[in-house]
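Reading the structure
Next come the chains, spelled out residue by residue.
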Amino acid sequence: MATTGAVRHGPASAARAALGGGRRLESVERVAGGSKKGVYRLRMDDATTAIAYVWDDAENYWPTAEGDDDLTDPFSPGLGLDLFEAAHARLDALGVRVPAIRLVDRGGAHCAADLAVVEDLRGENLEALLARDPRAAAPALARLAEALAAMRGHRATAYGKVAVVDGGGTSRGTSCEGVVLDRALRDLAEAAVRDPRIAAARDRLEEPLLALAAAVRPRAEYAVVHGELGPDHVLVDADGHPVVIDIEGTMYFDVEWEHVFLRIRLHDSYRPLAVEGLDEERLALYTLAQRLSLTAGPLRLLDGDFPDRAFMAQIAEHNLRQALALLHR
C-alpha cells in the first residue's frame, strides 16, 4: 500500500510539532506490519526519527463487517485514537513500557485522519531477538513477565475495552466466556464458508465449544490484557526493556485469554511467562476459540488486498490444523 493522502498532506507540520522546530522532514517511510492502521517512520534532516500512527479507512486492510464500530464488543476492531490513548494511559500507569507519545491530532491540524506521533524504537522486536539469540532475549522476557504481573494485578469488576470500562461504560454480553463463545461460533461459521475441511468438521467443533463454555464457572473480576500479545507486538529498547505496541485492543478480560495467546505464539519461549492458578476450563475453551479465530481472521483478511498473502495463508493453515487436532485429544 502506498503512502496515503492522509499522510502525504501533513507529515511535515506534524513532525515539526512533535519533534521541535529547526528540523526539516526528509522522508516518510512505511513500516511493515500494520493491518488496521498506517505505521510510518518520519525521518528528519538531522537523523531524528519518530513513528506516526494513522487511523484511516485507506490504511485498514480488513474487510468491513457489521459491528466493527461497536466498542461495547470487546473483540470489535481496535481502531482509533481514543482506544490508543485510553490503553496507553492505563498501561503507562501500571508501569508497562509503551512508546512515549510526542503528538496527538484528532482535529485535523496536521492530518486528514486521526494521528499519533510516538517515539521510534529502532531495535529488534522480541520475535526477531528470540530467533537470533534466545539467551539474549532472557532479560527482556523476565521484564515482560513483570509487566504481565502488573497488568494481572490491576482488576476491574467489568470486562471490555479499557476505553469503555475506564469511562464507566458497559460491554455487551454477560461474561467473558459467553463473549468468547459467541465469537468462536461466528469464526467457525465464517471459516466453514471458506474452507471445506472446517465445513466438514463444523458440528464436531461446535459441540466441544458449547461443552467447554458450559463448564466455566462465573467470575466477577477481570485483569488488564493486551489481547494479541505476540512477540511481534513487543519491541526491545536499547536497554533491553520490552516495549508493548499495537495496544488499541487492550481490555479488561480473563487473564487466561492472554496466556493462551502467549502460549500459541511463543511455544517453548513461553515458560518464563507462565503463572500458576490459571483456570483450566477457561484455558481449554480459549485455546479452541483462538485456534478458530486465527483460522477465520486470516482467511477473512485474504478477502481483501493484504500484501503478504502467503504468510497470512500459512497462519490460517497452521491454526486450522491445530483446531482439527484438538478434536482428537
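Quick note: structure is the one above.
Residues numbered from 1 in each chain as written. Predicted model: local features only at pLDDT ≥ 70, side-chain atom pairs only at ≥ 80, totals over all residues. Heavy atoms only, no water.

Between helix α9 (residues 255–266) and helix α10 (residues 280–301), the shortest axis-to-axis distance is 9 Å and the interhelical angle comes to 55°. Between α9 and α10, the angle falls in the class oblique. Once α9 is placed against α10, the crossing between them reads as right-handed. Contacts between α9 and α10 involve E256, W257, V260, F261, R263 and I264 on the former and, on the latter, R282, L283, Y286, T287, A289, Q290, R291 and L294. Looking at the contact of α9 with α10 residue by residue, the classes come out as eight nonpolar, two polar and four charged. (Axes fitted to C-alpha atoms, helices over the stretch in contact; angles between N-to-C directions. Helix = DSSP H or I, 4+ residues; strand = E, 2+ residues; numbered from the N terminus. Parallel < 35°, antiparallel > 145°, perpendicular 65-115°, else oblique. Left-handed = near helix turned anticlockwise from the far one by under 90°. Contact = heavy atoms within 4.5 Å. Nonpolar A, V, L, I, M, F, W, Y, C, P; charged D, E, K, R; others polar.)

Counted under the stated rule, the structure contains nine aromatic pairs. Taking 5.6 Å as the distance between ring centres and 75° as the angle between the ring planes, the aromatic pair formed by Y159 and Y222 counts as edge-to-face. With a gap of 63 residues between them, Y159 in the loop between β6 (155–156) and β7 (160–161) and Y222 in strand β8 (residues 222–225) connect regions that are remote in the sequence. Relative accessible area serves as the criterion here: at 7%, Y159 is assigned to the buried category. We classify Y222 as buried; its relative accessible area is 7%. Geometrically, the ring pair formed by F253 and W257 is edge-to-face, given 6.1 Å between the ring centres and 75° between the ring planes. Look at F253 and you get buried, because its relative accessible area is 0%. With relative accessibility at 3%, the residue W257 sits in the buried group. Through pairs of rings, three or more aromatic residues link up here, namely F75, Y159, Y222, F253, W257 and Y286. The ring of Y53 has K37 sitting right over it, with the charged end atom 4.9 Å from the ring centre. The positively charged end of R183 is found above the aromatic ring belonging to F75, 4.4 Å away from the centroid. (Phe/Tyr/Trp six-rings, centres within 6.5 Å; stacked < 30°, edge-to-face > 60°. Buried < 20%, exposed > 50% of the residue type's maximum accessible area, 1.4 Å probe, protein only. Lys NZ or Arg CZ within 6 Å of the ring centre and 35° of its normal.)

With that settled, consider the sheet that holds strand β5 (residues 114–119). The strand order across the open sheet built from five strands is β1-β2-β3-β5-β4, with neighbouring strands paired in antiparallel fashion. Where the open sheet ends on each side, the last strands, each with one partner, are β1 (25–30) and β4 (101–105). The mean angle between the axes of side-by-side strands here comes to 20°, regardless of whether they run parallel or antiparallel. By the bridge criterion, six bridges tie strand β3 (residues 49–55) to β5 in an arrangement that is antiparallel. Counterpart to I51 in the pairing with β5 is V118. (Pairing = 2+ DSSP bridges.)

Attention now moves to α9. For α9, which comprises 12 residues, the first-to-last C-alpha distance of 16 Å matches the rise-based estimate of 16 Å (1.5 Å per residue) to within 8%. Burial analysis of α9 places 10 of its 12 residues in the buried class, which makes it a mostly covered element. Within α9 the residues assigned to the buried category are V255, E256, W257, E258, H259, V260, F261, L262, I264 and L266. Residue H267 follows α9 closely and has a positive phi angle near 55°. (Expected span 1.5 Å × (residues − 1).)

With that out of the way, let us pick up the side chain of R291. Structurally, R291 can be placed in helix α10. One buried charged residue, R291, forms no salt bridge at all, with the nearest opposite charge on D268 at 11 Å. Once you skip the residues sitting within four places of it in the chain, R291 turns out to touch I264, H318, N319, Q322, A323 and L326. (Lys, Arg positive; Asp, Glu negative; His and termini not counted. Salt bridge = Lys/Arg side-chain N within 4 Å of Asp/Glu carboxyl O.)

Here the focus is the pairing of strand β2 (residues 38–44). For β2, a buried count of six out of seven residues is recorded, marking the element as mostly surrounded by other parts of the structure. Taken together, the five bridges between β1 and β2 define a ladder with antiparallel strand orientation. Bridging across to β2, S27 finds its partner in R43. Strand direction decides the pairing type here: β2 and β3, joined by six bridges, are antiparallel. Paired with L42 across the strands is A50, a residue of β3. The turn linking β2 back onto β3 is made up of four residues, and A47 within it adopts a positive phi angle of 75°.

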